[in-house]
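Each chain, written out:
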Amino acid sequence: MAMFTKRRPLGEAGTAKSGSLGRTLGIILGAALIAILVMSCFTRVPTGNTGIVTTFGKVENYTLDAGMHFKLPWQKIVKMDNRVQKQSIDLMCFSSDIQEVSMTYTINYQISKADAMTIYSTIGINYYETVVIPCITESVKTVTARYTAEELVGMRSELASAIEADLSAKLIKYNIELVSTSVENMDFTDVFTEAVEAKQVAAQNKLTAQTRAEQEVIEAEAAARVQVIQAQADADAMLAKAQAEAEATRIRAEAEAEANAKVAASLTEALIKYTYAQAWDGKYPTYYGGSSSTMPVIDLR
């Protein structure tokens, strides 16, 4: 018995293969769409950033911290840097006495993480150009105009503190926190700089002259004190010498008096007569007297 195989027409086979391929592509496309949809439900916020959530353009009243987060497919996440940022700006200002002052002003600042959605909805992501630069310019120029040029030279730290306080009060209204500031490269016109230098030289010369005069006065006073001390020492020495000599004289007098007293105490009438006899030369006096009339002594030998 012969076997016969029924063949399909060529057109029917191509149609079957095409349908199978279409179903496969549809499955792959559907899976890809599902994967894309699932992936669109997750987002990552980098470290140092805050995620602002918007739904069809409307800013939600919450933010996302750094890390992976779930979101609805139709929601968009805007990333805003919340780290401390540094910016410098060159400014031209005027002092209260209309002297031109140029300076470089540097700030370190950061946005408030809790109010990042408010900053985005009211200012936008270009908040530095929109808010920070105008506030810096106004604060620096306003505060600088309170000081004379000469005061600015010697009160730089006070100027920096005053500008920082004024600028901080302005930026906090926009939920931007001022971390630190500095005034750099403050320069004046050549004419003013030369005038300041000349004044400083004159002041230094005056101070040197005053110091020299004061030194001479001090040296003169010291020499006078030395003379007074020396004179006092000489007077004390003379007084001590006189007192010593007086004491020696007194001691000698007392010794002589004591010796005389001892001699007087040792004298007897016999000793006196003996002493007188020893001293007599054997001659009698020619005259005796004691009154106004003197009688001659007759020589009886």
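Structure first, text after, so check above.
Described in the following lines is the structure provided in the data block. All residue numbers here refer to positions counted from 1 along the written sequence of the relevant chain. In keeping with the model being predicted, local features are shown solely for residues with a pLDDT of at least 70 and side-chain atom pairs are shown and tallied solely at 80 or more, while totals for entire chains, interfaces and linings include all residues. Side-chain calculation: all heavy atoms of the structure are included, whereas hydrogens and water are not.

**Description of the overall build of the protein**
Helix and strand counts for the protein stand at 7 helices and 10 strands. For the protein, buried positions account for 22% of its 301 residues. For the protein, the exposed area adds up to about 21,600 Å²; of that, 60% sits on carbon and sulfur atoms. Secondary structure elements follow DSSP: runs of H or I no shorter than four residues count as helices, runs of E no shorter than two count as strands, and numbering proceeds from the N terminus. Between buried and exposed lies partly exposed: a residue is buried under 20% and exposed over 50% of the maximum accessible area for its type, with that area taken using a 1.4 Å probe on protein chains only. Only the protein chains shown count as cover for residues, and all accessible areas are computed by the Shrake-Rupley method using a 1.4 Å probe.

**Side note on the sheet that holds strand β8 (residues 176-188)**
When DSSP finds two or more bridges between a pair of strands, those strands are recorded as paired. What the 3 strands build is an open sheet, ordered β6-β7-β8; its pairing is antiparallel. Strands at the two margins of the open sheet, each flanked by one partner only, are β6 (85-94) and β8. Within this sheet the neighbouring strands show an average axis-to-axis angle of 20°, counted without direction. In terms of strand pairing, strand β7 (residues 100-111) meets β8 through 10 bridges, oriented antiparallel. Helix axes use the C-alpha atoms of the stretch in contact, all axes being lines fitted to C-alpha atoms, and the angles between their N-to-C directions lie in the range 0 to 180 degrees.

**Considerations on the sheet that holds strand β5 (residues 75-81)**
One open sheet holds the 3 strands; their spatial order is β3-β2-β5, and the pairing between them is antiparallel. Edge strands, defined here as strands with exactly one partner in the open sheet, are β3 (58-64) and β5. Here the average twist between neighbouring strands, direction ignored, is 30°. In this sheet, β5 lies alongside strand β2 (residues 49-55) in antiparallel orientation, the contact comprising 7 bridges.

**So, the pairing of strand β1 (residues 42-45)**
Of the two faces of β1, only one is covered, namely that formed by Thr43 and Val45; the face formed by Phe42 and Arg44 stays uncovered. Bridging between β1 and strand β4 (residues 67-70) involves 4 bridges; their strand directions are antiparallel. By the bridge assignment, Val45 is partnered in β4 with Gly67.

**Here's the deal with the packing of aromatic side chains**
Only centres within 6.5 Å qualify two rings of Phe, Tyr or Trp (six-membered ring in Trp) as a pair; their planes then separate them into stacked at under 30 degrees, edge-to-face at over 60, and tilted for everything else. Under the counting rule described, the total for this entry stands at 3 aromatic pairs. Between Phe42 and Phe70, the ring centres sit 5.7 Å apart and the planes meet at 75°, which makes this aromatic pair edge-to-face. Of this pair, Phe42 sits in strand β1 while Phe70 sits in strand β4, and the two are 28 residues apart along the sequence. Under the relative-accessibility criterion, Phe42 is labelled partly exposed at 45%. By relative accessible area, which is 56% here, Phe70 ends up exposed.

**Quick word on the nonpolar core**
To define a nonpolar core, start from buried Ala, Val, Leu, Ile, Met, Phe, Trp, Tyr and Cys residues and group those joined through side-chain atoms within 4.5 Å. Counting residues in hydrophobic clusters, the biggest one holds 37 residues, and the most contacted among them are Tyr105 and Ile136. Going through the elements one at a time, β5, β6, β7, α2 (116-122), α3 (127-144), α4 (149-154), α5 (156-171) and β8 are the ones with two or more residues in this core. Broken down by element, this core gets its largest block of residues, 8 residues, from α3. For this analysis, residues touch if any pair of their heavy atoms sits within 4.5 Å. Every residue in contact with Ile136, bar those within four places of it in the chain, is listed here: Ile89, Leu91, Tyr105, Ile107 and Leu167.

**Topic: α5**
The α-helix winds at 3.6 residues per turn, so residues separated by three or four positions along the chain end up facing the same way. With 16 residues, α5 extends 22 Å between its outermost C-alpha atoms, agreeing within 8% with the 22 Å of an ideal straight helix rising 1.5 Å per residue. Looking at α5, one finds that the buried residues are Leu159, Ala160, Ala162, Ile163, Asp166, Leu167, Lys170 and Leu171. Down the axis of α5, the buried set is contained in an arc of 165°. They therefore lie on one face. Along its buried surface, α5 packs onto β7, α3, α4 and β8. Here a helix's expected span is defined as the number of its residues, less one, multiplied by 1.5 Å. Note that the arc is computed from the directions linking the helix axis to the C-beta atoms.

**Digging into the environment of Asp97**
Its place among the elements puts Asp97 in the loop between β6 and β7. On the accessibility criterion, Asp97 (34% relative accessible area) is partly exposed. Along the sequence, Asp97 and Ala145 sit 48 residues apart, while their C-alpha atoms lie 8.2 Å from each other. Apart from the residues lying within four places of it in its own chain, the contact partners of Asp97 are Thr148 and Ala149.

**So, the pattern of salt bridges**
Any carboxyl oxygen of Asp or Glu within 4 Å of a side-chain nitrogen of Lys or Arg constitutes a salt bridge here. Counted under the stated rule, the structure contains 4 salt bridges. Residues Arg83 and Asp81 are paired through a salt bridge, measuring 3.0 Å at the closest nitrogen-oxygen approach. Given a relative accessible area of 21%, Asp81 falls into the partly exposed group. Put simply, Arg250 and Glu254 hold a salt bridge, and the shortest N to O gap is 2.4 Å. Residue Arg250 and its partner Glu254 are both found in helix α6 (residues 190-266); the two are separated by 4 residues, about one turn of the helix. A relative accessible area of 37% means that Arg250 is categorised as partly exposed. Several salt bridges share partner residues, and in doing so they unite Glu247, Arg250 and Glu254 into one network.

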